[in-house]
Amino acid sequence: MSVIILGIESSCDDTSAAIFKDDIILSNAVANQDVHKAYGGVVPELASRAHQQNIIPVVEKAIKDAGINRTDIDAVAFTRGPGLMGSLLVGTSFAKGFALANQLPLIEINHLHAHVLAHFIKEDENDTDQPEFPFLCLLVSGGNSQIIIVRDHLDMEIIGQTIDDAAGEAFDKCAKIMGLPYPGGPLIDKLAKEGNADAFKFSKPRIKDYDYSFSGLKTSVLYFLRDEVKKNPNFIEENKADICASLQKTIVDILMDKLIKAAEDTGITQVSLAGGVSANSGLRERLTELAEEKKWETFIPKFAYTMDNAAMIAVNGYYKFLNKEFVKQDTAPFARTEF
Ligand code: KG4
């Protein structure tokens with residue numbers, strides 16, 4: 001029997017809907033919200049309002065692109081959290097209404113688990129490049145930095161995480177200090193390509209086990225630039241590429257040192273990246289070097305599925321559907337707590 005899942009994602013500033021049939025993605029519609037650019041970060045109230053405007057057209061597009069009818073859908077999977085409460089409420093309420101109106105089962109999805117399951121989004125039957133269980137996943141996004149042991153589609157253990165800022169936040173906040181627009185991560189990546197990664201040294205945290213901390217790095221960049229700008233007001237402009245390259249190398253080193261430790265301690269050699277920061281070219285290059293050096297088999301989802309998207313929600317929903325993990329209509333979103 002074929003199973004068709006509608007996935008709904010609205011945890012932050014992207015409204016997305018996707019259709020997944022058995023283990024193949026049929027469509028993944030995303031509406032980005034440019035409104036936040038002017039404010040240097042996501043404004044929660046504006047995000048909720050844009051989700052409210054976008055949700056119906058995005059779902060209609062996903063159904064149309066997939067070439068199916070609304071009545072073909074077998075279940076609705078939605079992001080229950082973590083994320084911005086106002087944003088989550090839009091997707092959750094839509095999913096509940098759609099499920100009720102069409103008498104479909106409802107499946108709640110943890111946004112972070114879904115990022116990991118982005119590895120299992122197949123675009124066609126020949127798309128078989130997927131990690132085998134167990135594998136390690138370094139999940140790096142704007143809101144999270146975690147090392148996860150993935151034992152099965154629905155069996156994951158977080159063995160390390162950030163105690164303050166996430167890796168994406170470190171990129172974005174340091175970019176803001178340099179006067180770069182939001183989101184700064186992709187810009188730092190671009191500028192770093194022209195710079196010398198050994199030009200400047202920034203401090204690395206000493207944190208236990210597999211946990212991360214990025215707030216100290218942000219402070220060290222702030223003080224360093226403040227002191228240099230006092231001596232030369234054009235310091236940032238004249239050294240932009242070198243600052244970006246050095247900063248990116250520091251963040252990549254911090255992330256990879258813990259991932260190497262986790263791989264050595266667990267003996268797991270299938271290693272993957274997930275989340276928005278996995279688009280970073282420095283991180284990707286380092287992973288490729290490590291694959292060679294440590295004899296790891298490495299995996300990174302396709303670019304479209306590393307950012308926030310509903311395809312990953314739908315694929316997670318598919319595995320929960322097979323496991324008959326449904327929720328009732330009285331379910332409510334959560335901003336932080338894990339479930
Ligand atoms: O997973 P994601 O789309 O959503 C959130 O967690 O909100 O990740 C967004 C984050 C932002 O912090 C952005 O600056 C970062 O991913 N990012 C990058 C790159 N592309 C996106 N950071 C560094 N280099 C990149 N190429």
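The preceding data block contains the structure.
No experiment lies behind these values; they were computed from the predicted model shown.

What about the pattern of salt bridges?
Reasoning step 1: Under the defined criterion, the tally for this structure stands at 21 salt bridges.
Reasoning step 2: The shortest N-O distance in the salt bridge between Asp127 and Lys302 comes to 3.0 Å. Here Asp127 is found in the loop between α3 (111-117) and β6 (135-140), whereas its partner Lys302 is found in the loop between β10 (297-299) and α9 (311-322), with 175 residues between them in sequence.
Reasoning step 3: Assessed through its relative accessible area of 16%, Asp127 is described here as buried.

Looking at the environment of Leu112
Reasoning step 1: Here Leu112 shows up in helix α3.
Reasoning step 2: Residue classification places Leu112 among the buried positions, given a relative accessible area of 3%.

Notes on the packing of helix α4 (residues 167-177) against helix α7 (residues 235-266)
Reasoning step 1: Between α4 and α7, the shortest axis-to-axis distance is 11 Å and the interhelical angle comes to 165°. By the angle between their axes, α4 is roughly antiparallel relative to α7. Helix-helix and strand crossings are classified by hand; for α4 and α7 the assignment is right-handed. Facing α4, whose interface residues are Ala167, Ala170, Phe171, Cys174 and Ile177, α7 presents Ile236, Leu247, Gln248, Ile251 and Leu255.

A word on the site of the ligand
Reasoning step 1: In the vicinity of the ligand, 19 residues are found, and the nearest of them are Gly142, Asp172, Asp189, Gly276 and Asn280.
Reasoning step 2: Separating an oxygen atom of the ligand from a side-chain N or O atom of Ser141 is a distance of 3.3 Å.
Reasoning step 3: Contacts to the ligand include Gly168, whose backbone N or O atom sits 3.4 Å from an oxygen atom.
Reasoning step 4: Burial of the ligand by the surrounding chains reaches 88%, relative to a free accessible area of 560 Å².

Reading guide: rules and limits
- Residues numbered from 1 in each chain as written.
- Predicted model: local features only at pLDDT ≥ 70, side-chain atom pairs only at ≥ 80, totals over all residues.
- Heavy atoms only, no water.
- Salt bridge = Lys/Arg side-chain N within 4 Å of Asp/Glu carboxyl O.
- Helix = DSSP H or I, 4+ residues; strand = E, 2+ residues; numbered from the N terminus.
- Buried < 20%, exposed > 50% of the residue type's maximum accessible area, 1.4 Å probe, protein only.
- Axes fitted to C-alpha atoms, helices over the stretch in contact; angles between N-to-C directions.
- Parallel < 35°, antiparallel > 145°, perpendicular 65-115°, else oblique.
- Left-handed = near helix turned anticlockwise from the far one by under 90°.
- Contact = heavy atoms within 4.5 Å.
- Near = heavy atom within 4 Å.
- Polar contact = N/O pair within 3.5 Å; in protein donor to acceptor, adjacent residues only side chain to side chain.
- Areas by Shrake-Rupley, 256 points an atom, 1.4 Å probe, with all protein chains shown as cover.

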